[in-house]
Amino acid sequence: MPPTAGTDGKRVFLQLGRQPEEPNQFNHPGAPTSYSPDVRAQLEADAKEIIGRYPQPRSAILPLLHLVQAQDTYVTPAGLSFVAELLGLTSADVAGVASFYSMYRRDPTGKYLVGVCTNTLCAVMGGDAIYDGLKEHLGVGNDQTTADGSVTLQHIECNAACDYAPVVMVNWEFFDNQTPESARELVDKLRDDAEVRPTRGMPLCSFAATERILAGFPDERADDGQGGAGSATLAGLQVAREHKMTAPEPGSNADRGAK
């Protein structure tokens, strides 16, 4: 907003570029701009542990963003300032990193972040119908939270689970081979706080708890997962074994041709 001279000789300011309230800015209405002493003290203790894992403090920026997102459920001016202060950066530096990654949220998030993949294969297999059906069922728009604060709905890009399309993710855990009906049943259970198990991976926890895990703190679910690749993922390997197919030896003509 550079100053310029008005007709009466006084300075006036012209707004250039995006308005602050436009999308992709970390300035949700009512977002905290600072933390209380008690909250800040706890965050500082956690942040010190995170920063200590890295040879250069700046390398801790991503887990620190998950830490403040665990506190607020989204990235706020308070969170940006906190991370910037600890790392000797500006809030603009931190916002520039946070805005690059879609996992850092710009709006308050419900207890369960429900993401419907609408990328090519999932969309063809029914992802668009699932997403549209959930929007109507929950009475929300994209990236909006239900009135009870339980579910935030968003569409997401590919999560490398195309062999189980269409896929829905809840707090980054997979729910494979979904239909509009099964997805509605899923969100109803989430809103009722009924027990829900992902198709694979770890049992569900809240979005805030997930963010602390992503910040690098212990995951108490670590021994309670349903790990391992499923039959769809291993189908190609099974065919290769049945036909006694092997990869070319390193340095062979076939190997050079593949490159």
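What you see is a predicted model; the values in this text were computed from it and never measured. (Residues numbered from 1 in each chain as written. Predicted model: local features only at pLDDT ≥ 70, side-chain atom pairs only at ≥ 80, totals over all residues. Heavy atoms only, no water.)

The next point concerns the overall build of the protein chain. Regarding its fold elements, the protein chain presents 9 helices and 7 strands. The buried share among the 259 residues of the protein chain stands at 37%. Contacts in the protein chain between residues far apart in sequence, at least 24 positions, make up 62% of those at least 6 positions apart. For the protein chain, the accessible surface area stands at approximately 14,700 Å², while carbon and sulfur atoms represent 53% of it. (Helix = DSSP H or I, 4+ residues; strand = E, 2+ residues; numbered from the N terminus. Buried < 20%, exposed > 50% of the residue type's maximum accessible area, 1.4 Å probe, protein only. Contact = heavy atoms within 4.5 Å. Areas by Shrake-Rupley, 256 points an atom, 1.4 Å probe, with all protein chains shown as cover.)

The next thing to look at is helix H2 (residues 61-72). The periodicity of an α-helix, 3.6 residues per turn, causes residues three or four places apart in sequence to face the same way. In this model H2 runs 17 Å from its N-terminal to its C-terminal C-alpha over 12 residues, within 8% of the 16 Å that 1.5 Å per residue would give. Buried residues dominate H2, accounting for 10 of its 12 residues. (Expected span 1.5 Å × (residues − 1).)

What follows covers the packing of aromatic side chains. One pass over the structure, following the stated rule, counts 3 aromatic pairs. Ring geometry for tyrosine 101 and tyrosine 104: centres 6.2 Å apart, planes at 85°, overall edge-to-face. Its relative accessible area of 3% is what places tyrosine 104 among the buried residues. Among the aromatic residues, ring-to-ring pairing joins Phe100, Tyr101 and Tyr104 into one connected group. Against the face of phenylalanine 217 rests arginine 53, its NZ or CZ located 5.4 Å from the ring centre. The ring of phenylalanine 174 is capped by arginine 200, whose NZ or CZ atom sits 4.1 Å from the centre of that ring. (Phe/Tyr/Trp six-rings, centres within 6.5 Å; stacked < 30°, edge-to-face > 60°. Lys NZ or Arg CZ within 6 Å of the ring centre and 35° of its normal.)

Enumeration over the complete set of coordinates arrives at 9 salt bridges. With its nearest N and O atoms 3.0 Å apart, the salt bridge here joins aspartate 46 to arginine 212. With aspartate 46 in helix H1 (residues 37-51) and arginine 212 in helix H7 (residues 207-214), this pair connects stretches of sequence that are 166 residues apart. (Salt bridge = Lys/Arg side-chain N within 4 Å of Asp/Glu carboxyl O.)

Right, let's get into the pairing of strand S5 (residues 151-156). Among the 6 residues of S5, 5 are classified as buried, and the element is accordingly described as predominantly covered. Bridge count for strand S3 (residues 112-117) against S5 is 6 bridges, and the pairing is parallel. Bridge pairing links glycine 115 to glutamine 154 in S5. Here strand S4 (residues 144-145) runs beside S5; their pairing, made up of 2 bridges, is antiparallel. Bridge pairing links threonine 145 to threonine 152 in S5. (Pairing = 2+ DSSP bridges.)

A few words on the pairing of S3. Summarising burial for S3: 6 of the 6 residues are buried, a large majority. Where S3 and strand S6 (residues 168-170) come together, 3 bridges link them in antiparallel fashion. Each residue of the ladder has a partner; that of glycine 115, found in S6, is methionine 169.

Turning to a nonpolar patch on the surface, a few remarks are in order. Together, Leu121, Val124 and Met125 line one region of the surface with nonpolar side chains, adding up to about 300 Å² of accessible area. Here valine 124 lies in helix H5 (residues 120-138). (Patch = residues over 30% accessible without salt bridge, like charges linked within 9 Å, V, L, I, M, F, W, Y side chains within 5 Å.)

Strand order across the open sheet formed by 5 strands is S4-S5-S3-S6-S7, with mixed pairing between neighbours. The open sheet has two edge strands, S4 and strand S7 (173-175), and neither has a second partner.

One can find alanine 98 in helix H4 (residues 91-98). With 23 residues separating them in the primary sequence, alanine 98 and valine 75 have C-alpha atoms 8.1 Å apart. The contacts of alanine 98, once residues within four sequence positions are left out, are Phe26, Leu65 and Tyr104.

The next point concerns the confidence of the model for the protein chain. This prediction gives the protein chain a mean pLDDT of 87; 85% of its residues lie at or above 70. Across residues 18-24 the pLDDT falls below 50, and counting only partners more than four positions away or on other chains, this stretch makes 7 contacts in the model. (pLDDT = per-residue confidence, 0-100.)

It is worth spelling out the nonpolar core at this point. Grouped burial of nonpolar side chains is what soluble globular proteins tend to show. Judged by nonpolar contacts, the single largest core of 26 residues is most densely connected at Leu64, Leu65, Leu67, Val83 and Val94. At the level of elements, H1, H2, helix H3 (77-87) and H4 are the ones that each hand at least two residues to this core. Here this core takes 6 residues from H3, the largest share from any one element. Dropping the residues within four chain positions of it, leucine 65 is found in contact with Val75, Leu80, Val83, Val94, Val97, Ala98 and Tyr104. (Core = buried A, V, L, I, M, F, W, Y, C linked by side-chain atoms within 4.5 Å.)

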